[in-house]
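Report on the structure
Each chain, written out:
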Amino acid sequence: MDRLVPRMRQHAASIFGEMSVLATQMGAINLGQGFPDTDGPQILKDAAIAAIVDGRGNQYPPVHGLPLLREAVSTHQQRFYALSIDPDTDVVIGTGASEIIAAALLAFVDTDDEVIIFEPWFDVYDAGISLARGRRVAVPLLPPTFRPDVDALRAAVTPRTKVLLINSPHNPTGTVFTIEELQTIADIAIEHNLIVISDEAYEHLWYTGHPHIPISTLPGMFERTVTIGSGGKCFSFTGWKVGWASGPRELIAAVRVVRQHLSFVSGGPLQWAIAAGLDLPNSYFADFRADLESKRDILTSGLREVGLEVVPSQGTYFVMTDVRSLGFDDGMQFCREAAERARVVAIPVAALCADPQIGRTYVRWAFCKQPSVLREATAQLATAFA
Ligand code: GLN
């Protein structure tokens, strides 16, 4: 690691990749890394294949994204959120939500600028802030309910704060921010003239009673918010890596400048397929959500039967448990033992936090798996920890 720039050394390992390697080594069921074990709609595969065969997208697509896909993102934002987006200027397509997040941070954050994120966080936020030479300022989602600590957020803003990076539905907690929480966050952003990067990769994975609300729909927020979407998460093709951002043209223009110098373009034929996905009827999105909600319920009740205390999940692919209910004090230790004794892999939330008090005793489980796999996993856990 001597040759790696010091600011990136702390990001040398990805807990998601590490735990997937462990799952493979142990022959364990992998409820760690969040990816579905069944592919998305056949119609998208057919659209990708047809694009390749027809020679659409096999050479570089337009730098800021296929016009048809930018149009589809615009129509999607109008259909679900009544947001008016100009596909020519207000959308950019990238290599997954992750690249767009990195590009946005590099576009808006200069040396020592502060970026506020909630913790626990998704790891690319922390690494992206380091890439930009910014400073991470973490504000807790408070256990045991993991709601945003808005007083701590207000107190965390300084004259150096440039960006507020939020994520709802939230990975890893499964928290979906309420309208009141979003309004308080919006008030703070407006008062201090902050740019908001809103990672809404899981926008269609919110469960009964917890609707997803884009912060850009709140008064005064569209003009300061870059909203991130994910084709992988919307359509269960996480390997395709097609993501997008939408927002006001001034902010999107800045993201476009940086992003074009990262991957330039990617996924040409897949952009045609994701455009077809965004045009699917409302019933697709409702059925998708219902399917994941039923999987959430299967894993939640299975984990409870094992004796684990569950933090109820309102959205995403994930549900967390407090391992103290099984007599453990350390989620990392629990994850090691679960892999060895139960042959089931989960993610220790401590790896996604700076403050050990927040994540130490929690682990994250992915429920975007077939019901039989979820049942098998909890049966193995029940036997191992009986
Ligand atoms: N978003 C997924 C997760 O949180 C995958 C992350 C990754 O592997 N980089 O598990």
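Conventions adopted
Residues numbered from 1 in each chain as written. Predicted model: local features only at pLDDT ≥ 70, side-chain atom pairs only at ≥ 80, totals over all residues. Heavy atoms only, no water. UniProt positions renumbered as here; feature names shortened; annotations may be inferred. Pairing = 2+ DSSP bridges. Helix = DSSP H or I, 4+ residues; strand = E, 2+ residues; numbered from the N terminus. Contact = heavy atoms within 4.5 Å. Axes fitted to C-alpha atoms, helices over the stretch in contact; angles between N-to-C directions. Core = buried A, V, L, I, M, F, W, Y, C linked by side-chain atoms within 4.5 Å. Buried < 20%, exposed > 50% of the residue type's maximum accessible area, 1.4 Å probe, protein only. Parallel < 35°, antiparallel > 145°, perpendicular 65-115°, else oblique. Nonpolar A, V, L, I, M, F, W, Y, C, P; charged D, E, K, R; others polar.

As recorded by UniProt, the Sequence similarities (unreviewed entry) comment attached to the protein reads in full: "Belongs to the class-I pyridoxal-phosphate-dependent aminotransferase family." The UniProt entry for the protein carries this comment under Cofactor (unreviewed entry): "pyridoxal 5'-phosphate".

Overall, mixed pairing links the eight strands, which are arranged β2-β9-β8-β7-β6-β3-β4-β5 in an open sheet. Only two strands of the sheet have a single neighbouring strand rather than two, namely β2 (91-94) and β5 (147-148). Note that strand β7 (residues 195-199) and strand β8 (residues 225-230) share four bridges and pair parallel. Within β8, the residue paired with Ser-198 across the bridge is Thr-227. Of the strands in this sheet, β3 (114-119), β5, β6 (161-167) and β7 touch helix α8 (residues 179-191), which is tilted by about 165 degrees from β6.

Strand pairing within a sheet occurs via backbone hydrogen bonds; the two strands may be parallel or antiparallel. With antiparallel pairing, four strands are arranged side by side in an open sheet as β10-β11-β14-β13. The open sheet terminates on both sides in strands that have one partner only, identified here as β10 (309-311) and β13 (347-348). In the sheet, β10 pairs with strand β11 (residues 318-322) via three bridges, with the strands oriented antiparallel. Bridging across to β11, Val-311 finds its partner in Met-320. The strands that helix α12 (residues 282-306) touches are β10, β11 and β14 (362-366); relative to β11, the one it contacts most, it runs at about 15 degrees.

Membership of the largest hydrophobic core comes to 96 residues, with the highest contact counts inside it found for Leu-69, Phe-108, Phe-235, Ile-274, Phe-334, Trp-365 and Leu-381. It is α12 that contributes the most residues to this core, eight residues altogether. Beyond its immediate stretch of four places on either side in the chain, Phe-334 contacts Leu-308, Val-323, Leu-326, Phe-328, Val-363, Trp-365 and Phe-385. Residues Ala-156, Val-157, Ala-189 and Met-221 belong to the second largest nonpolar core, which totals 28 residues.

Turning our attention to unusual backbone geometry. Look at the link from Ser-168 to Pro-169: it is a cis peptide, with omega at -10 degrees. With respect to the secondary-structure elements, Pro-169 resides in the loop between β6 and α8. Phi at Asp-112 takes a positive value of approximately 70 degrees, unusual for a residue other than glycine. Along the chain, Asp-112 turns up in the loop between α5 (96-108) and β3. Here Asp-112 falls in the partly exposed class, since its relative accessible area comes to 30%. Even without being a glycine, Ser-236 presents a positive backbone phi close to 60 degrees. Relative to the helices and strands, Ser-236 resides in the loop between α9 (231-235) and β9 (243-246). By relative accessible area, Ser-236 is classed as buried at 12%.

Look at helix α13 (residues 331-342) against helix α15 (residues 371-384): their axes get within 9 Å of each other, and the N-to-C directions meet at 95 degrees. With respect to α15, the axis of α13 lies roughly perpendicular. In this structure, α13 uses Ala-338, Arg-341 and Ala-342 to contact α15, whose residues at the interface are Gln-380, Leu-381 and Ala-384. Along the lines of polarity and charge, the residues of the contact of α13 with α15 split into four nonpolar, one polar and one charged.

Here we take up the side chain of His-170. With respect to the element layout, His-170 can be found in the loop between β6 and α8. Not counting the four nearest positions on each side in its chain, His-170 is found in contact with Pro-120, Leu-141, Thr-175 and Thr-316.

We now examine the UniProt feature "domain: Aminotransferase class I/classII large" (unreviewed entry) in the protein. The sites that carry the UniProt feature "domain: Aminotransferase class I/classII large" (unreviewed entry) are, in the present numbering, residues 29-360. Between the end C-alpha atoms of residues 29-360 the distance is 23 Å, and the span holds 42% helix and 17% strand.

So, about helix α11 (residues 268-278). Of all 11 residues in α11, eight are buried; the element is thus mostly enclosed. Within α11, burial applies to Gly-268, Pro-269, Gln-271, Ala-273, Ile-274, Ala-275, Gly-277 and Leu-278. Close packing links the buried residues of α11 with α3 (42-54), α4 (67-81), β2, α9, β9 and α12.

On the secondary structure map, Thr-173 appears in the loop between β6 and α8. The buried category is assigned to Thr-173, whose relative accessible area is 1%. For the pair Thr-173 and Arg-147, spaced 26 residues apart in sequence, the C-alpha separation works out to 9.2 Å. With sequence-adjacent residues up to four places away left out, Thr-173 is seen in contact with Pro-120, Leu-141, Phe-146 and Met-320.

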